[in-house]
Amino acid sequence: MSPEPARPAGPSPIPSAAGGARAGARGLSRPAARLELRELTKQYPGEDGPAVDRLSLEVPAGEICVFVGPSGCGKTTAMRMINRMIDRDSGEILLDGRDVNDRDPSELRREIGYVIQQIGLFPHRTIEENIGTVPSLLGWKKADIAARTQELLDLVGLDPAFAKRYPAQLSGGQRQRVGVARALAADPPLLLMDEPFGAIDPITRDRLQNEFLRLQKTLGRTIVFVTHDIDEAIKMGDRIAVLRTGGRLAQYATPAELLLAPADDFVERFVGADRALKRLALGRVSDLDLLPVVKVHDGDPSDWVRSQLAGAPVPYPLVVDDDERPVSWLDADDLRADRVVGAEGSDVAIVDGDAVLRDAFSSVLQSRVRFAVVVDERGKSIGVLSADRIADELLPRDGEQQPDLAPVADGLPTPTLDYPDAAPPFDRGTK
Amino acid sequence: MSLAGLSTGASVIAQDGSGFFRDRASDAGSCVSKNGFCPDWIADNFGQYTGPLQEHAVLTVTAVVIGFVIAFALALIAEKRRWLVGPFTQLSGILYTIPTLAAFFLLLPITGRGFLTAEVALVAYTLLILFRGVRTGLDSVPPETVDAAKGVGLTDRQLMWQVKLPLALPQIIAALRVASSTTVGLATLAFFAGAGGLGGKIYADLTFKSNVVLASLLCVALAVAIEIVLVLVQRGLTPWTRAVNA
């Protein structure tokens with residue numbers, strides 16, 4: 001847990017002339033809030049055990065905290081107590097140090113964005129009116145609301161022409177964007193999101209998740225995000241609170257910590273047997289040290305190329321064009337001619353430096369040579385990625401678990417790269 | 001006025017002192033004397049029907065408006081205290097089952113003959129339809145809409161007036177339409193309570209086609225007119241119900 005929340009710097013996180021003016025007049029673009037739950041407890045009448053049991057955690061300002069757990073773990077109850085949609089039995093909920101029970105519920109909720117799975121748009125109001133709900137409750141001027149609506153439609157990637165339509169005229173994904181826009185309308189310091197992308201098809205969900213993360217980079221809101229989907233939790237969360245049935249906090253950690261060191265059996269099972277693989281979704285190619293590769297051009301003498309390969313970590317030469325963009329891999333057969341002909345080689349798997357490791361790993365596995373070429377934004381080759389490199393990244397880091405074992409004997413077979421369908425490496429050197 | 005006055009149709013009709021009924025003997029062999037459907041007679045005597053039509057309209061509209069105010073208030077009261085929905089429904093259901101004529105009888109000692117008696121009975125009759133209509137409308141509001149409305153900070157009052165009632169409008173207006181057409185029909189009995197209306201005309205001479213057809217058509221026209229007004233009101237107030245996948 002970081003000691004002091006980093007407040008988003010600078011003025012309005014949503015730059016706009018109107019926004020700036022309003023911000024001054026209405027004290028908007030408030031900094032994100034710090035949320036603290038202390039011993040939060042709730043038991044529904046007639047139930048055997050509590051729904052939420054002495055839940056304590058702190059969400060630093062500007063971070064996404066995901067409540068995740070199986071059904072009946074109290075994650076939604078915990079979230080709904082924050083904006084007082086459900087009354088707690090005991091404990092404290094502090095928003096920037098102030099208990100939410102000291103506030104009028106309606107007033108409090110106008111400062112807390114609220115997004116639910118069923119979206120809950122007002123069917124009788126236009127998109128514009130839906131988005132402007134909270135600003136109009138807060139008494140903004142009409143012109144300000146209209147300007148803000150346009151700004152938000154733009155922000156969530158909807159055509160401004162949608163403003164005058166009704167929710168029934170939008171697709172599910174579009175409605176959810178409106179739901180997010182409505183929640184963001186008055187620039188709330190805290191956002192509550194209950195399975196916001198749960199009812200949307202997987203492709204649209206993935207896109208909305210990515211867009212939302214991009215949005216959050218600029219907005220820097222504090223967000224409590226509820227989901228039952230551990231993959232979504234890992235993707236969206238800066239921190240993840242894993243709750244177990246009965247509303248007990250099982251672990252509160254960053255996604256990497258959670259995957260690397262589950263606190264107990266429950267968390268380990270919940271996170272899944274493939275937790276090491278899930279870490280692939282966390283890292284990016286740019287985090288890794290890349291392997292150097294022998295780059296050759298059309299027309300280079302084959303003998304020279306062979307000599308360059310001696311001892312190289314990547315046993316194939318990469319043909320590149322004049323701008324250093326990858327063209328093809330060559331194998332021994334391709335080098336029978338005197339000179340290099342790039343068009344003879346096999347296809348190159350190319351990954352961006354921004355790509356997540358999961359996608360990069362997939363590219364590596366699909367490549368005939370089991371290497372993927374990493375390129376910069378201009379498409380220039382900057383290095384090569386192997387399955388080994390990615391596997392190394394997934395191992396526990398310094399001292400967290402087992403140290404590297406010393407090999408018992410030299411000459412054990414190298415575990416990778418001997419694929420029957422791949423061309424044989426020309427020269428493995430002394431490896 | 002005595003109870004006896006109500007006891008037979010004949011004595012009631014006798015009290016219809018307008019005396020507009022034709023002197024058939026003077027015109028033997030004519031359409032009118034044959035009790036036929038006579039456009040000429042209708043054209044000449046139409047003026048005699050405008051007064052009863054007006055009374056009929058006032059009876060109907062007053063009953064529906066008062067009935068709606070009461071039913072709406074009951075529905076709102078039952079919103080916070082859900083356990084009242086059952087008793088309110090049963091109560092209005094009992095009122096609904098009392099035959100209108102019997103209601104006039106029962107009311108005579110209390111309210112006497114006239115407009116008030118007719119209205120009390122007609123209003124009582126609308127309550128079940130209107131109460132159920134408002135409740136159905138309010139109950140049809142999607143729970144997620146209510147949850148979201150509270151969640152973004154609407155107060156209970158704002159939730160009711162800005163979200164629930166607008167969304168309940170289609171059902172509320174549907175109930176108003178049913179209540180109105182029912183009341184137009186029942187109001188033809190109002191003259192038994194001495195409240196006039198087109199019923200007075202119909203029962204004054206049931207054998208004369210021109211009379212019966214004209215009075216009945218005016219009833220139908222009144223019902224249709226009210227229906228049209230309500231449909232237009234609904235179209236004006238609920239544009240969202242027509243906005244689908246433009």
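Residues numbered from 1 in each chain as written. Chains lettered and ligands numbered in written order. Predicted model: local features only at pLDDT ≥ 70, side-chain atom pairs only at ≥ 80, totals over all residues.

Caption draft 1: View of the overall build of chain B. Along chain B, the regular secondary structure elements total 11 helices and 0 strands. Start at the N end of chain B and walk to the C end: the helices and strands fall as α-α-α-α-α-α-α-α-α-α-α. When the 246 residues of chain B are sorted by exposure, 37% land in the buried category. The long-range share in chain B, meaning contacts at least 24 apart out of those at least 6 apart in sequence, stands at 74%. (Helix = DSSP H or I, 4+ residues; strand = E, 2+ residues; numbered from the N terminus. Buried ≥ 20, exposed ≤ 12 C-beta atoms within 10 Å, placed from the backbone. Contact = placed C-beta atoms within 7 Å.)

Caption draft 2: Quick look at the overall build of chain A. Across its full length, chain A holds 15 helices and 16 strands. Across chain A, contacts joining residues at least 24 apart in sequence account for 65% of those joining residues at least 6 apart.

Caption draft 3: Local environment of the pairing of strand β8 (residues 222–227) of chain A. Residues and elements named next belong to chain A. Along β8, 6 of the 6 residues are buried, which leaves the element largely enclosed by surrounding structure. Judged by which residues are buried, β8 turns out to be covered on both faces: Thr 222, Val 224 and Val 226 on one side and Ile 223, Phe 225 and Thr 227 on the other are all buried. As defined by bridge partners, strand β3 (residues 64–68) adjoins β8 across 5 bridges and the pair is classed as parallel. Bridge pairing in β8 links Val 66 to Phe 225. As for the winding sense of the linkage, the β-α-β connection from strand β7 (residues 190–194) through helix α8 (residues 202–219) to β8 is right-handed. (Pairing = 2+ DSSP bridges. Right-handed = clockwise from strand over helix to strand, strands pointing away.)

Caption draft 4: Layout of the packing of helix α4 (residues 47–80) of chain B against helix α11 (residues 209–237) of chain B. All names here are of chain B. Where α4 meets α11, the axes come as close as 11 Å, and the angle between the chain directions of the two elements is 40°. The orientation of α4 relative to α11 falls into the category oblique. The handedness of the crossing between α4 and α11 comes out as right-handed. Contact residues: α4 offers Tyr 49, Leu 53, His 56, Ala 57 and Thr 60, while α11 offers Leu 214, Ala 215, Leu 218, Leu 222 and Ile 226. Tallied by class, residues from the contact of α4 with α11 come to 8 nonpolar, 2 polar and no charged. (Axes fitted to C-alpha atoms, helices over the stretch in contact; angles between N-to-C directions. Parallel < 35°, antiparallel > 145°, perpendicular 65-115°, else oblique. Left-handed = near helix turned anticlockwise from the far one by under 90°. Nonpolar A, V, L, I, M, F, W, Y, C, P; charged D, E, K, R; others polar.)

Caption draft 5: Layout of helix α6 (residues 142–155) of chain A. All names here are of chain A. Given a rise of 1.5 Å per residue, 14 residues ought to cover 20 Å, and the 20 Å separating the end C-alpha atoms of α6 matches this to within 8%. Residues of α6 that are buried include every one of Ile 145, Arg 148, Thr 149, Glu 151, Leu 152 and Leu 153, and no others. Phi turns positive one or two residues past the end of α6, at Gly 157, with a value near 75°. (Expected span 1.5 Å × (residues − 1).)

Caption draft 6: Layout of the sheet that holds strand β10 (residues 248–253) of chain A. Residues and elements named next belong to chain A. The strand order β6-β7-β8-β3-β9-β10 describes an open sheet built from 6 strands, whose pairing is mixed. With one partner strand each, in any of the chains shown, β6 (112–116) and β10 form the two edges of the open sheet. Averaged over neighbouring strand pairs, the angle between their axes works out to 15° when direction is ignored. Relative to β8, helix α2 (residues 75–82) is tilted by about 150°, and along the sheet it contacts β3, β7, β8 and β9 (239–244).

Caption draft 7: Representation of unusual backbone geometry. Residue and element names in this part refer to chain A. In the Ramachandran plot, Asp 96 falls in the positive-phi region, its phi being about 50° despite a non-glycine side chain. Mapped onto the fold, Asp 96 is located in the loop between β4 (90–95) and β5 (98–99). Phi at Arg 370 is positive, roughly 65°, even though this residue is not glycine. Tracing the backbone shows Arg 370 in the loop between α14 (357–366) and β15 (371–375).

Caption draft 8: The interface of chain B and chain A, seen in detail. Contacts between the two partners involve 18 residues from chain B and, on the opposite side, 22 residues from chain A. Among the secondary structure elements, those contributing two or more residues to the side of chain B that touches chain A are α8 (143–151) and α9 (156–186) of chain B. Its residues assigned to classes, the side of chain B that touches chain A comprises 10 nonpolar, 5 polar and 3 charged.

Caption draft 9: Layout of the environment of Ile390(A). Residues and elements named next belong to chain A. When you line up the elements, Ile 390 lands in helix α15 (residues 387–394). Note on Ile 390: 21 C-beta atoms within 10 Å, which makes it buried. Through-space distance from the C-alpha of Ile 390 to that of Arg 378 is 24 Å; in sequence the pair is 12 residues apart. Once residues lying within four places of it in the same chain are set aside, the contact partners of Ile 390 are Leu 357, Ala 360, Phe 361, Val 364 and Leu 385.

Caption draft 10: Layout of the nonpolar core. The biggest cluster of nonpolar side chains holds 125 residues, and the ones touching the most others in it are Val66(A) and Val224(A). Among the elements that line this core, the one with the most residues is helix α7 (residues 115–139) of chain B, at 12 residues. If sequence neighbours within four positions are ignored, Val66(A) has contacts with Phe225(A), Thr227(A), Ala233(A), Met236(A), Gly237(A), Ile240(A) and Ala241(A). Judged by nonpolar contacts, the second largest core, of 31 residues, contains Leu280(A), Val314(A), Leu330(A) and Ala372(A). (Core = buried A, V, L, I, M, F, W, Y, C linked by C-beta atoms within 7 Å.)

Caption draft 11: Quick look at the sheet that holds strand β13 (residues 326–329) of chain A. Read across the open sheet, the 3 strands follow the order β11-β12-β13 (chain A); overall the sheet is mixed. Each edge of the open sheet is held by one strand with a lone partner, namely β11 (295–296) and β13 of chain A.

Caption draft 12: Representation of the packing of helix α5 (residues 85–97) of chain B against α7(B) in the model. Residue and element names in this part refer to chain B. Put simply, α5 and α7 touch, their axes get as near as 7 Å, and they point 145° apart. Crossing geometry of α5 relative to α7 is assigned as left-handed. In contact with Val 85, Phe 88, Thr 89, Ser 92, Gly 93, Leu 95 and Tyr 96 of α5, α7 contributes Ala 124, Tyr 125, Leu 127, Leu 128, Phe 131, Arg 132 and Arg 135. Grouping the constituent residues of the contact of α5 with α7 by class yields 9 nonpolar, 3 polar and 2 charged.

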